[in-house]
Amino acid sequence: MATPVLQVALDLLELDRAVEIADEAVRGGADWIEAGTPLIKSEGMQAVRTLRERFPGHEIVADMKVADTGAVEVEMAAKSGAGIVCILGDADDTVIAEAVRSARKYGVRIMADLINVGDPVSRSRELAALGVDYINAHVGIDQQMLGKSSLDLLRRLAGEVGVPVAVAGGLDAATASEAVAAGASVVIVGGNIIKAADVAGAARRVREAIDRPEIRPREEESQDAAIRRLFEAVSAPNVTDAMHRKGAMSGVFSLCGRVKAVGRAVTVRTVAGDWAKPVEAIDVAGPGDLLVISNDGRTDVAPWGELATHSAKNRGIAGVVIDGAVRDVDDIREMKFPVFATATVPNAGDPKGLGEINTEIACCGQEVRPGDWIVADESGVVVVPRERAYEVARRAMEVKKTEERIREEIRRGKTLSEISELLKWEKRR
Ligand SMILES: O=C([C@H](O)CO)[C@H](O)[C@H](O)COP(=O)(O)O
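Residues numbered from 1 in each chain as written. Predicted model: local features only at pLDDT ≥ 70, side-chain atom pairs only at ≥ 80, totals over all residues.

**Description of the overall build of the chain**
At step 1: A tally of regular secondary structure across the chain gives 18 helices and 20 strands.
At step 2: Each principal axis of the C-alpha atoms in the chain carries an extent, and together these give about 85 × 45 × 40 Å.
At step 3: Across the 429 residues that make up the chain, the buried fraction comes to 48%. (Helix = DSSP H or I, 4+ residues; strand = E, 2+ residues; numbered from the N terminus. Buried ≥ 20, exposed ≤ 12 C-beta atoms within 10 Å, placed from the backbone.)

Structure below.
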């Protein structure tokens, strides 16, 4: 079997950055350079032309994701310098056939992308019969965020398809190695190379892994454990970015400064500083849960203080968020326990037992339901609806990774405005 190919997917919006990142990826061992779909949509065929000129010794792949007018789009990419053109495997057979005819005419190859194909094995056979040169077992970026795996798709195709198989979708060094062991001839890696601060290093790690294919025992991780691991590794701003600026509570601050809290909400509604339900909720919550308390927005009386904090800490509770005031600030600060509140005040209410535990509440401008995920740090508190928690945690991690490369480019001397091409991307009215 020929040495498997490492294809770096330049899923970027700016051509200059794409060229710089491609250069580093090539130094790390990338063989083929893909003008990613976002790059082509942003810069047009100029992206393919520029990559062709700048990397004369490397195959240029145009990820056109052709869905119609197969011949015309393949011709455009071929004339711009692509050697391989990606089309959608789900496109109509007439589109595929036209793309293949055009590819033969212009001396390029066709890669058919299985993104969203219902029956990948039989469609792959049909695509091979129609003349495509490569099948790409691809799970798209949005689908990855829901936990779909490109390796699982690749394994379904093993031994079933008569043309070389590529694989793409969230791959890193470990999964690249497994992909080769599962029969991939082309390993396509985007984010895990192009978002790294050290692109050459990231590409090198993938290259070395491809050269050492191995199947690893599956590490079983529950979805809850994965959500917690991801949320603990990102910041509250990463999470609200991932939610398109939704979910942030307003007016709440961290009492102990630089602390972080992640957990599922146990909600409490109390009235006029009555501290019975907040304190009873400590016993209802399990280790790792987070108490979210609404005191009806009142800040003249505190339903939470040092003794409650001590008790919550002993029970392994991850933190407390209060739409209202806390007291005993100095003692709580000494404990360094994550408490987030809207105010501080010395006086407490009485334990009358008014209110409810684990019902839907409003807290600092956000609706919180029992079991929703809370991510809180010095920037503030974000609520993530429980049914979207896994997806949001994955997306928040992508936000964090994207920032790593941007931070590195700022360190090298570019301004943030230059990197983001702010003027070009200002919203036209
Ligand atoms: O094809 C891709 C995607 O649809 C965006 O255009 C990516 O290039 C492909 O998924 C590889 O990127 P990663 O998933 O980030 O490795």
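That covers the picture; the talk isn't over yet.
**A closer look at the domain arrangement of the chain**
At step 1: With domains assigned, the chain is organised as domain 1 (5-210) and domain 2 (225-390).
At step 2: The C-alpha centroid of domain 2 is placed 45 Å from the C-alpha centroid of domain 1. (Domains from an automatic or database assignment.)

**Considerations on the UniProt feature "domain: Orotidine 5'-phosphate decarboxylase" (unreviewed entry) in the chain**
At step 1: The feature "domain: Orotidine 5'-phosphate decarboxylase" (unreviewed entry), as annotated in UniProt, sits at residues 5-206 in this numbering.
At step 2: With 49% helix and 20% strand, residues 5-206 has end C-alpha atoms that lie 11 Å from one another. (UniProt positions renumbered as here; feature names shortened; annotations may be inferred.)

**Concerning the sheet that holds strand β2 (residues 32-35)**
At step 1: The strand order β1-β2-β3-β4-β5-β6-β7-β8 describes a closed barrel built from eight strands, whose pairing is parallel. Direction aside, the axes of adjacent strands within the sheet are offset by 25° on average.
At step 2: Lying over the sheet, helix α1 (residues 15-28) contacts β1 (5-10) and β2, oriented at roughly 160° with respect to β1.
At step 3: The sheet contacts of helix α8 (residues 150-157) involve β6 (134-138) and β7 (165-168), and relative to β6 the element is tilted by about 140°. (Pairing = 2+ DSSP bridges. Axes fitted to C-alpha atoms, helices over the stretch in contact; angles between N-to-C directions. Contact = placed C-beta atoms within 7 Å.)

**Some words on the nonpolar core**
Generally speaking, a soluble globular protein has its nonpolar side chains buried in company with each other.
At step 1: Among the nonpolar cores identified, the biggest contains 80 residues, and V8, L10, A62, V85, V167 and V187 are the most heavily contacted of them.
At step 2: Once residues within four sequence positions are removed from consideration, V8 is found in contact with A22, A25, A30, I33, E34, V189, I193, I194 and A203.
At step 3: Ranked by size, the runner-up nonpolar core spans 58 residues in total, among them M249, A265, I317 and A393. (Core = buried A, V, L, I, M, F, W, Y, C linked by C-beta atoms within 7 Å.)

**A closer look at unusual backbone geometry**
At step 1: Positioned with a positive phi, K336 is a non-glycine residue whose angle comes to about 50°.
At step 2: Judged by the 13 C-beta atoms lying within 10 Å of it, K336 falls in the partly exposed class.
At step 3: Residue C364 is not a glycine yet carries a positive backbone phi of 50°.
At step 4: Mapped onto the fold, C364 is located in the loop between β17 (361-363) and β18 (366-368).

**Quick look at the site of the ligand**
At step 1: Taken together, 17 residues are adjacent to the ligand, and A9, T37, A168, G190 and G191 come closest.
At step 2: For the shell around the ligand, the secondary structure elements donating two or more residues are α2 (37-43), β8 (186-189) and α10 (191-194).
At step 3: Here the shell around the ligand is built from residues that sort into seven nonpolar, eight polar and two charged. (Near = placed C-beta within 6 Å. Nonpolar A, V, L, I, M, F, W, Y, C, P; charged D, E, K, R; others polar.)

**Focus: the pairing of strand β10 (residues 261-269)**
At step 1: Counting buried positions along β10 yields nine of nine residues, so the element is predominantly enclosed.
At step 2: The pairing of β10 with strand β19 (residues 373-377) spans four bridges and is antiparallel. Across the sheet, R264 pairs through a bridge with W373, a residue of β19.
At step 3: With helix α14 (residues 276-284) bridging β10 and its parallel neighbour strand β11 (residues 290-294), the resulting β-α-β unit is right-handed.
At step 4: As defined by bridge partners, β10 adjoins strand β16 (residues 356-357) across two bridges and the pair is classed as antiparallel. (Right-handed = clockwise from strand over helix to strand, strands pointing away.)

**Quick look at the environment of V375**
At step 1: Note that V375 resides in strand β19.
At step 2: Under the C-beta neighbour-count criterion, V375 is labelled buried, with 30 such atoms within 10 Å.
At step 3: Put simply, V375 and E43 are 332 residues apart on the chain and 37 Å apart in space, counted from C-alpha to C-alpha.
At step 4: Aside from chain neighbours lying at most four places away, what touches V375 is F231, A236, V239, V262, V382 and V384.

**What about the pairing of β8?**
At step 1: Judged by which residues are buried, β8 turns out to be covered on both faces: V186 and I188 on one side and V187 and V189 on the other are all buried.
At step 2: Alignment of β7 against β8, held across three bridges, turns out to be parallel. What sits directly across from V167, in β8, is V187.
At step 3: Note on the crossover from β7 through helix α9 (residues 173-181) to β8: the handedness is right-handed.

**Some words on α1**
At step 1: When the terminal C-alpha atoms of α1 are compared, their 20 Å separation across 14 residues agrees well with the 20 Å that a helix rising 1.5 Å per residue should span.
At step 2: What α1 keeps buried is the set L15, R17, A18, I21, A22, A25, V26 and G28. When α1 is viewed along its axis, its buried side chains cluster within an angular range of 165° and face the same direction.
At step 3: Buried positions along α1 lie against β1, β2, α2, α3 (46-54), α10 and α11 (199-210).
At step 4: Residue G29 follows α1 closely and has a positive phi angle near 120°. (Expected span 1.5 Å × (residues − 1). Arc of directions from axis to C-beta.)

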